[in-house]
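A look at the structure
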There are 12 protein chains.
Amino acid sequence: MKIHIINGPNLNLLGKREEAIYGNISFDDYLLDLKKKYSNVEFVYYQSNIEGGLINYLQEHGFDGNSVVLNAGGYTHTSIALSDTIAAISNNVIEVHISNIYSREKYRQHSLLSKNCVAVIAGLGLPGYDVAIDYFLRNK
Amino acid sequence: MKIHIINGPNLNLLGKREEAIYGNISFDDYLLDLKKKYSNVEFVYYQSNIEGGLINYLQEHGFDGNSVVLNAGGYTHTSIALSDTIAAISNNVIEVHISNIYSREKYRQHSLLSKNCVAVIAGLGLPGYDVAIDYFLRNK
Amino acid sequence: MKIHIINGPNLNLLGKREEAIYGNISFDDYLLDLKKKYSNVEFVYYQSNIEGGLINYLQEHGFDGNSVVLNAGGYTHTSIALSDTIAAISNNVIEVHISNIYSREKYRQHSLLSKNCVAVIAGLGLPGYDVAIDYFLRNK
Amino acid sequence: MKIHIINGPNLNLLGKREEAIYGNISFDDYLLDLKKKYSNVEFVYYQSNIEGGLINYLQEHGFDGNSVVLNAGGYTHTSIALSDTIAAISNNVIEVHISNIYSREKYRQHSLLSKNCVAVIAGLGLPGYDVAIDYFLRNK
Amino acid sequence: MKIHIINGPNLNLLGKREEAIYGNISFDDYLLDLKKKYSNVEFVYYQSNIEGGLINYLQEHGFDGNSVVLNAGGYTHTSIALSDTIAAISNNVIEVHISNIYSREKYRQHSLLSKNCVAVIAGLGLPGYDVAIDYFLRNK
Amino acid sequence: MKIHIINGPNLNLLGKREEAIYGNISFDDYLLDLKKKYSNVEFVYYQSNIEGGLINYLQEHGFDGNSVVLNAGGYTHTSIALSDTIAAISNNVIEVHISNIYSREKYRQHSLLSKNCVAVIAGLGLPGYDVAIDYFLRNK
Amino acid sequence: MKIHIINGPNLNLLGKREEAIYGNISFDDYLLDLKKKYSNVEFVYYQSNIEGGLINYLQEHGFDGNSVVLNAGGYTHTSIALSDTIAAISNNVIEVHISNIYSREKYRQHSLLSKNCVAVIAGLGLPGYDVAIDYFLRNK
Amino acid sequence: MKIHIINGPNLNLLGKREEAIYGNISFDDYLLDLKKKYSNVEFVYYQSNIEGGLINYLQEHGFDGNSVVLNAGGYTHTSIALSDTIAAISNNVIEVHISNIYSREKYRQHSLLSKNCVAVIAGLGLPGYDVAIDYFLRNK
Amino acid sequence: MKIHIINGPNLNLLGKREEAIYGNISFDDYLLDLKKKYSNVEFVYYQSNIEGGLINYLQEHGFDGNSVVLNAGGYTHTSIALSDTIAAISNNVIEVHISNIYSREKYRQHSLLSKNCVAVIAGLGLPGYDVAIDYFLRNK
Amino acid sequence: MKIHIINGPNLNLLGKREEAIYGNISFDDYLLDLKKKYSNVEFVYYQSNIEGGLINYLQEHGFDGNSVVLNAGGYTHTSIALSDTIAAISNNVIEVHISNIYSREKYRQHSLLSKNCVAVIAGLGLPGYDVAIDYFLRNK
Amino acid sequence: MKIHIINGPNLNLLGKREEAIYGNISFDDYLLDLKKKYSNVEFVYYQSNIEGGLINYLQEHGFDGNSVVLNAGGYTHTSIALSDTIAAISNNVIEVHISNIYSREKYRQHSLLSKNCVAVIAGLGLPGYDVAIDYFLRNK
Amino acid sequence: MKIHIINGPNLNLLGKREEAIYGNISFDDYLLDLKKKYSNVEFVYYQSNIEGGLINYLQEHGFDGNSVVLNAGGYTHTSIALSDTIAAISNNVIEVHISNIYSREKYRQHSLLSKNCVAVIAGLGLPGYDVAIDYFLRNK
């Protein structure tokens, strides 16, 4: 089984960016843990700060019959184009946010992507990704 | 370890209410599954259609040092009083929704409770409760 | 034939509350008249000031194949939970208001319940209940 | 006794317009039924697609001491002029809608006329007109 | 010198409509007074309850080099088409309201016509028409 | 093949109204050109300044199996009744605007009609009508 | 003289809930002080977390000719039903808030109750209740 | 007969401020003309750029039984205090604006004062003051 | 002990302004009563209709270690500058309103000052000032 | 003659994305048709999912004296930067949408680009591009 | 060369008001520094807490051909009258704010003055005044 | 000392884009001037039309202890992602705009970036960059 994990802008700074909100572990370290924990899952990881880069990746891999865990960062709240891509592809997508976006700034409380995703998980920290993976494993 | 699972209005109808949205398993059946799966967890289940009933329960058990999984149903979007209770108690609360509320009617897309909860999980169906429990187990 | 008549908060004060708006007949007196007029209908009457009380009643009787005449009073405008219950049950519900709510305060001009009801009748005074009953008799 | 029944734009298409919403009986057929059912009432029927035509009719007949049943169709939501006319005349007016306008598009959920009408009936289908007539008979 | 006086919907009811707001003199009587007072002015009077009737009149006479006094009644607040006509014609138009529309219902406080009129006069009662005429006499 | 071309308020002033926006050719002249260019198409032309006049025309000809090119002028933005008529008839309607309404006043940027039309063309000047005709010819 | 003191949801947690905002004295202790201070006043105290419970109490005691001091907690901002009850009863009601609600979250800055109360006191801490009592003593 | 003419901020710049909007005559010159034209009226003129200065003047002279012509300039749109003063005094006040404020910036289209004034005149240029004076003369 | 009592615009008209709302006692008379009642308090009274006058006073006396009772009248709802002054000074300020501003016009229901004041008292009439003084005496 | 055809995000999925809305022909196939139909036009085609990619292309070719047909997909509604580019270049741009965006989600009904484009065509399907090309051919 | 430096309400408290936001240097001290640094510039300094005082000053000196540096404090966000004055005078005005108003309360993020000023500088602390002066020196 | 100067979309067109707003000097020429004027500062210049390109650059250089002058062009108003990056990096950022954005279109008057920047400078033309550099030199 293969799962795409896609991170949007600024998530590559994890571990050195606003630790009070996002924690102090880098995503690379976390990814190693994931690979150990789910040894029978093939993880493909992609990060980009470019809105269209995320769209390109989703278009190229979004019809391969696998699942997608997506944290689109700041584009969550502004990108109709990305939302359209999620609607266009055939893979299922779960939207993950490390922090509880619903308890933060008003403009961060609305996601343009949610309506095209299977589910939304927010505020669990990095384990939110585990949760999405568990769900896909249970429902493959 | 003890976990409170609290359901708000209409969730007692699960399994016979709008199956396209909420599925066809009753919560009682699901609870049995949970108890089997997490045999070392003590589950305390409470359901009420009365806003103040949920508040009463949370006040009585919200200082006992355990965790709370809360699906407040329709009160999610209208109850400042319930939100105040979550802020007042010392237990951690995770907000769960069976459906993806962010892809439904506009008035269902904003939760008054989220700002006082640890995390929010929506759209995973009943397994959303599992996810919340897993999180509490990992972080006890 | 059986018809449930359900009244929400403050309607038990009818006859001694703001007579200019609501008239000076108590609902009990009016109910006696109804029973005389529709001698072959079995009326079940329920009044509660508690939102969850109305929900409980609707859940218990809302699948019995009979009809419901509902005046939810002030909860009309604030209760998503009650609206969800009306959607969840299988009985048909007609929403009745004694006064013409559309000509009163702005917050009284929008009903959260209407979208899940068969019809809405407002401003006819107590005879609005007759009208709903007539409709159910015609369409049983 | 005389009752004016006034229909606004597109109601002359009844029976061949969006049957799922408005049913498949023409208003002319329904009017024949009404005349049979209320043999001692004189019905005067007027339909116009022209906003000012409705105003003209109301001005000419609105002081004759009879009652008015009005379904202003799409002008319900946009015509301040028509609303002013209802306020200006001395006859009582009941506003009727065939469909439950409160469960339809947002712009159809607010009526500019209601504040000047005695009552509002929506969602009962064509029998909504009966209800209005019954009310006037009871209160003549 | 010729002046067009144009009245919109319900102004033909003047004198028998809501006297507290609009006074108890009919417009015909007032027009006789105007003709006496301004004996060297030729008044052309037009009233219609039909939005398009007002537009037709303005199109036909709006390029004749004379002035227009316009009280469009309820269409003041809803008619983009009428506003477009005022912009299209070459005659100058003064907007007159008998009552002080700015102290009435919110929806009556904004005029779509004002931006294409020379001036606005509201609240002076019928003498508001005198004022507009005086202005045109002074500026002919 | 027959095509209905319907123009709303003020479009009869074309050629003498705000030339910077609408150009200096009258619609009659343009219609002659159209008839020459599309010699095998029968054009039926209707213009009215009266909202209900447009509705009447559409009701009478809207079920004849032909196509409609509609420029409703100022009623585009205010007429729910006209929008309802377009939904009610069976002919296809293309909405045309001479100017680019989306770059003009805010109230001119939203059309109530578009949701019931096949397509919208704005800003091409009079050739916008050609374009709509071409489309119907290609898709007859 | 008798005064009803009514507290809404979460006020029973006073002294152990968010002390920075609400102080560290329980309401029971404060009530003892009140009784000592106003030895010639009979205090009747009622607290409920249930919206309809507050309504029930007000309906039962709201016509006894005494005064009411009401702190409805979170229901202050959401309960039209409670507001209707205050309007319906004959006793005078003063609305009290321990904290200065006008300097807190936006949704806490508007009270649905105020329009039906005699006066509003906010931000004085528990002495706000004294103040209301003083007022009633002075005006009995 | 005495009439108070009161001008607010920046109206003392008349004649040298944005001539396209306000014309090129100073108010002093215009006042001389007024005094000549209405030789039997005693004019008292007051101008201030200070909101409270206008309030002071109105309080001191607002109970003397005479009439007031008020152009409050920019305070028209922001001063609740000034609006309260107009409501408090017993003299009648007519609100005058030199330009047609309803065709200008959005924030200039709403007046806080109008609801407490007898009438509103806008867009007539300086003759708007004449009109107000004429009205008071006719109605003294 | 010294207390500053500061009144804003129009409060000097107390006793002769809209008596139904504000009562018929002048503030001077009331002040005499206060001085008798609290013989050991030194009252300093200041009233101004000028926004900046109130700011000047607060700046000059706002650091003297005494308390302030402030009724800013109409400036309550529009003055950011005054609100900034209250935040800048070191004295405590209680905001008092004679009428229940929360049951009046919408624009009177929001105070820009409250967020910088200790407490808010509204609707008690003139005794609202007593209440504020009592509070300061208890907490000096 | 040369025409630039520029497509934004997700339009490269045409033919395999939401066929009910966008049809089942790929853009490449359509482009071949265009080239055959307009054999004397040189088409330059560019597609990018990257907002800044579209901007780069427009900057490089937007001063070459040719025309541009632009379908910016999801960036239509969110990109001020792209709108600024269209304003900055000297070539004329026609905005094309395959579907009728005005009958879809609210956030898709407003285009930030339209105000800087010559014209807007929506809902004609792929022939919308033909129409734009025809216009440029007629007006070269 | 002469430059007017004008400060609005509360800026006279600089150095003793909310030091975290505004710093701890008084404006008088800073002015001495300015005079030393720009020895060939004549500075005229004016501060007032009175809105109309600022207007008076600007009217008296705003046509003298010199430049103006204006920090209007709280009036920045509420004074249409002051904005009108800036538009009316012929001198150029630069708007300066010590703090970054765009990162503070919502009501402090919009300036009514900016549209009539040459430039806006915010967040540089007191050196923001230097910057404005430098600009005028460069562009005299 | 090193300073990063970063320009967003369309600023590479400076000198040939809307000269009335942005002037006629290219940024390259201006940069040469800057380098001469500040010979002891090392300038690193980066321009991109790609939102993610700006983010990439800021992430790579934003922790190097130097300062950043940022003009993000159209992304200023739409990019939450870019705003997040500014918050995440440790370098100080000053936001510069060549034109006075606060006097332009409404959507250009709000910056998502300002809250994370040290200061904002708008309307000074290209010298705005000088000002930012001067500030950093003074505060290094």
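Note on numbering: residues in each chain are counted from 1, in written sequence order. Chain letters start at A and ligand numbers start at 1, both assigned in the order the entries are written. Local features in this predicted model are restricted to residues whose pLDDT is 70 or higher, and side-chain atom pairs enter the listing and the counts only when it is 80 or higher, whereas totals over whole chains, interfaces and linings include all residues. As a rule here, side-chain values come from all non-hydrogen atoms in the structure, and water together with hydrogens is ignored.

The description of two helices packed together rests on the angle between their axes and the distance between the axes. Residue and element names in this part refer to chain I. For helices, the axis comes from a line fit to the C-alpha atoms of the stretch in contact; other axes are also lines fit to C-alpha atoms, and the angle between any two N-to-C directions lies between 0 and 180 degrees. In this description a helix means any DSSP run of H or I spanning at least four residues, a strand means any run of E spanning at least two, and both kinds are numbered starting from the N terminus. Between helix α3 (residues 51-61) and helix α4 (residues 80-88), whose axes approach to 10 Å, the crossing angle comes to 5 degrees. As judged from the angle between their axes, α3 and α4 are roughly parallel. For the pair formed by α3 and α4, the contact residues are Glu51, Leu54, Ile55, Leu58 and Gln59 on the first element and Ala81, Leu82, Thr85 and Ile86 on the second. Three classes are used, and their members are as follows: Ala, Val, Leu, Ile, Met, Phe, Trp, Tyr, Cys and Pro are nonpolar, Asp, Glu, Lys and Arg are charged, and the others, Gly among them, are polar. Here the contact of α3 with α4 is composed, by residue class, of six nonpolar, two polar and one charged. In what follows, roughly perpendicular refers to angles from 65 to 115 degrees, roughly parallel to angles under 35, roughly antiparallel to angles over 145, and oblique to any angle outside these ranges. Only heavy atoms enter the contact rule, under which two residues are in contact if any of them lie within 4.5 Å.

Side chains on a regular strand alternate between the two faces of the sheet. Only protein chains enter the area calculation, which uses a 1.4 Å probe; residues under 20% of their type maximum are buried, those over 50% are exposed, and those in between are partly exposed. In strand β5 (residues 119-122) of chain J, alternate side chains face the same way, and those of Ala119 and Ile121 of chain J on one face and Val120 and Ala122 of chain J on the other are all buried. Pairing of strand β5 (residues 119-122) of chain F with β5 of chain J, which is carried by three bridges, proceeds in the antiparallel orientation. Paired with valine 120 of chain F across the two strands is alanine 122 of chain J, which belongs to β5 of chain J. With four bridges connecting them, strand β4 (residues 93-97) of chain J and β5 of chain J associate as parallel partners. Directly across from glutamate 95 of chain J, in β5 of chain J, lies its bridge partner valine 120 of chain J. One requirement defines pairing of two strands: DSSP has to find at least two bridges between them.

It is worth spelling out the arrangement of the chains at this point. With no contact between them, chain C and chain K keep their nearest C-alpha atoms 26 Å apart. Nothing in chain C touches chain L, and the closest approach of their C-alpha atoms is 30 Å.

A few words on the packing of aromatic side chains. Aromatic rings from Phe, Tyr and Trp, with only the six-membered ring used for Trp, were paired whenever their centres fell within 6.5 Å, and each pair was classed as stacked if the ring planes differed by under 30 degrees, edge-to-face if by over 60, and tilted otherwise. For the coordinates displayed, the defined rule picks out 90 aromatic pairs over all chains. When the ring of phenylalanine 27 of chain G is compared with that of tyrosine 129 of chain G, the centres are 5.0 Å apart and the planes differ by 65 degrees; the resulting orientation is edge-to-face. A residue pair is termed long-range when its members are at least 10 positions apart, and phenylalanine 27 of chain G in helix α2 (residues 27-37) and tyrosine 129 of chain G in helix α5 (residues 127-138) qualify at 102 residues. Judged by relative accessible area, which is 3%, phenylalanine 27 of chain G ranks as buried. Look at phenylalanine 27 of chain K and tyrosine 30 of chain K: their rings are 5.5 Å apart centre to centre, the planes differ by 65 degrees, and that puts the pair in the edge-to-face class. Taken together, the positions of phenylalanine 27 of chain K and tyrosine 30 of chain K, both in helix α2 (residues 27-37) and three residues apart, correspond to about one turn of that helix. Ring-pair connections join several aromatic residues into one group, and the members of that group are Phe27, Tyr30, Tyr45 and Tyr129 of chain A.

The next thing to look at is the interface of chain B and chain A. Taken together, the contact pairs 23 residues of chain B with 23 residues of chain A. Between chain B and chain A, a total of about 1,700 Å² is buried, with carbon and sulfur atoms accounting for 56% of that surface. Summed over both partners, the accessible surface that disappears when two parts come together, traced with a 1.4 Å probe, is what is meant by buried area. Ranking the residues of chain B by area buried against chain A places Tyr102, Leu124 and Arg138 of chain B at the top, with a combined share of 28%. Whenever a carboxyl oxygen of Asp or Glu lies within 4 Å of a side-chain nitrogen of Lys or Arg, that contact is scored as a salt bridge. Viewed at the interface, chain A and chain B are joined by zero salt bridges. Polar contacts, as used here, are pairs of N or O atoms within 3.5 Å; protein pairs need one atom able to donate a hydrogen and one able to accept it. Residues neighboring in sequence count only if both atoms are side-chain atoms. Scanning the region where chain B abuts chain A turns up six residue pairs in polar contact (both at pLDDT 80 or more). Every element with two or more residues in the side of chain B that touches chain A is listed here: β5 (119-122) and α5 (127-138) of chain B.

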